[in-house]
Amino acid sequence: MEGFGSFYITNTTNTSQLCNRLKDYYKIIFLEKGSKIKIDFDTINCPADTFFFLNEEHFFVLDEKAKGQLIYFDTDFYCIELHDQELACDGLLYRNITLTPYIHLTHQQATNLCRLVTEIEKEEKNTDYWSEEKIKLLLKYIIIEATRIWAIQWQINTSDFSKKQNFIKKFSKLVEENYAQIHQVTCYAKMLNITPKTLNNNVVKNFNTTPQQIISNRIILQAKRLLAHTNLSVKEISHTLGYTDSSYFNRFFKKQTSTT
C-alpha cells in the first residue's frame, strides 16, 4: 500500500537503516514496557507500554531489548495538517516544538490502542477496495485517542482546550515551518496578528519559556541533527539555517550549547 506500512520491532531491527528508510514519513511507534529509545539526543525509558509520535525529521535509536511495532505513513497517504480540524493534533502530537510527544498507557489504554494496531495489520494484508480507507479510519482513531490521553497526562482542561491549544498549535506550526528562515519574534507576532508583548506573555504562560528561546532551541536541534547525521560542513549548515555569516552562527551555537 503506497505511502503506508507497519512492522514489528525486535532486537534484530537495524535502527540506522530504518531511520534512513523512513526519513520522509510520519511515525507512530508502540514500545512495550521495559523498552528504551533514544530520540534525537534524549533517551526515554518506558515504565509502561508507550506510544511515540515522530515527525519526518526525528532520528531515533532503539535499545537492543526494545520490542513493539512501528507504523509509518506519508502525507500523500494521510495528511496530518489537512485533517487537523478533525484531529486537533498538529502542533501537539506532531510538529510539537517543545517536546517529543509520547504517552505512557494504562493496561486498558494499551489494550484498546494495540487492538487498533492489530486491526491495521490485518487490513494491510487485504487487497480489496475498502482496505486503504479502513486503515485511514483506524489511524485517525489512534491519533484521536492518543491526543485525548496526551491532554489528560499533561493536565490540559478540555473545557478550554480549543482556545489554549489553538494558540499553541498555531505558534508551534509557524516556528516549525519557518525557523530556518525567520529568527525574529516580531515576525512571528506579525504572522499571528498580535503584538510581540502579547506573544511573549502567551508563550511564557503556556510554555514556561520565551518565544525567542523556543525559536533558538528549534534551530539548535536541527543544527545538531545535521552535524550528527550528515556530511554537511558547518558553513553549509549555517546557510541552511538562515545564517549568511557562519562565524555568527558559531557564536550563536556556542552560546546556546556551551560548546563549539
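Residues numbered from 1 in each chain as written. Predicted model: local features only at pLDDT ≥ 70, side-chain atom pairs only at ≥ 80, totals over all residues. Heavy atoms only, no water.

What follows is about the overall build of the protein chain. Within the protein chain, the regular secondary structure consists of 10 helices and 8 strands. On C-alpha atoms alone, the protein chain measures out to a radius of gyration of 19 Å, which is about the 18 Å that the 2.2 N^0.38 rule sets for 260 residues. Based on the C-alpha atoms only, the size of the protein chain along its principal axes is roughly 55 × 45 × 35 Å. Evaluated residue by residue, the protein chain yields a buried proportion of 47% over its 260 residues. Summed over its atoms, the accessible surface of the protein chain is roughly 14,200 Å², and 48% of this surface lies on carbon and sulfur atoms. Taking the average location of the 31 positive side-chain charges in the protein chain and that of its 29 negative ones, the two points are 9 Å from each other. (Helix = DSSP H or I, 4+ residues; strand = E, 2+ residues; numbered from the N terminus. Rg over C-alpha atoms; globule rule 2.2 N^0.38 Å. Buried < 20%, exposed > 50% of the residue type's maximum accessible area, 1.4 Å probe, protein only. Areas by Shrake-Rupley, 256 points an atom, 1.4 Å probe, with all protein chains shown as cover. Lys, Arg positive; Asp, Glu negative; His and termini not counted. Charge placed at Lys NZ, Arg CZ, Asp CG, Glu CD.)

Turning to the sheet that holds strand S7 (residues 68-73), a few remarks are in order. With antiparallel pairing, 5 strands are arranged side by side in an open sheet as S1-S7-S2-S5-S8. Looking at the sheet topology across the chains shown, the edges are occupied by strand S1 (4-9) and strand S8 (102-104). The mean inter-strand angle of the sheet, taken between neighbouring strand axes irrespective of direction, is 10°. The pairing of strand S2 (residues 26-31) with S7 spans 6 bridges and is antiparallel. Across the sheet, the residue bridging to Ile28 is Ile71, located in S7. Each of S1, S2, strand S5 (50-54), S7 and S8 is contacted by helix H3 (residues 107-124), which is oriented at about 120° to S1, the strand it contacts most. With respect to the sheet, helix H4 (residues 131-153) is in contact with S1, S2, S5, S7 and S8, its orientation differing from that of S8 by roughly 75°. (Pairing = 2+ DSSP bridges. Axes fitted to C-alpha atoms, helices over the stretch in contact; angles between N-to-C directions. Contact = heavy atoms within 4.5 Å.)

Glancing now at the packing of aromatic side chains. Under the counting rule described, the total for this entry stands at 16 aromatic pairs. Considering the side-chain rings of Phe7 and Tyr72, the 6.1 Å spacing of their centres and the 55° angle between planes classify their relative orientation as tilted. With a gap of 65 residues between them, Phe7 in strand S1 and Tyr72 in strand S7 connect regions that are remote in the sequence. Each member of the pair Phe7 and Tyr72 is classed as buried. Aromatic rings pair up to connect Tyr243, Tyr248, Phe249, Phe252 and Phe253 into one cluster. In this structure, Arg218 packs its charged tip against the face of Tyr179, placed 4.2 Å from the ring centre. (Phe/Tyr/Trp six-rings, centres within 6.5 Å; stacked < 30°, edge-to-face > 60°. Lys NZ or Arg CZ within 6 Å of the ring centre and 35° of its normal.)

Right, let's get into the environment of Lys23. By the element assignment, Lys23 lies in the loop between helix H1 (15-21) and S2. In this structure, the C-alpha to C-alpha distance between Lys23 and Asp74, residues 51 residues apart in sequence, is 9.9 Å. With near-sequence residues (within four places) excluded, Lys23 lies in contact with Glu56 and Glu57.

On to the pairing of S7. Across the 6 residues that make up S7, a large majority, 6, are buried. Burial along S7 is two-sided: the residues Gly68, Leu70 and Tyr72 and Gln69, Ile71 and Phe73 are all buried. Summarising the sheet, S1 and S7 pair through 6 bridges and their orientation is antiparallel. Bridge pairing links Phe4 to Phe73 in S7.

What follows deals with the sheet that holds strand S4 (residues 42-45). Ordered in space as S4-S3-S6, the 3 strands form an open sheet in which the pairing is antiparallel. Of all the strands in the sheet, just S4 and strand S6 (60-62) have a single pairing partner and so form its edges. On average, each strand axis in the sheet is tilted by 20° relative to the strand beside it, whichever way the strands run. In this structure, strand S3 (residues 36-39) lies alongside S4, joined through 4 bridges in antiparallel fashion. The residue of S4 that forms the bridge with Ile37 is Ile44.

The next point concerns the environment of Thr209. Relative to the helices and strands, Thr209 resides in the loop between helix H7 (196-207) and helix H8 (211-229). Thr209 sits 46 residues away from Lys255 along the chain, and the two C-alpha atoms are 17 Å apart. With residues near it in sequence (within four places) discarded, Thr209 still touches Val203, Val204 and Ile214.

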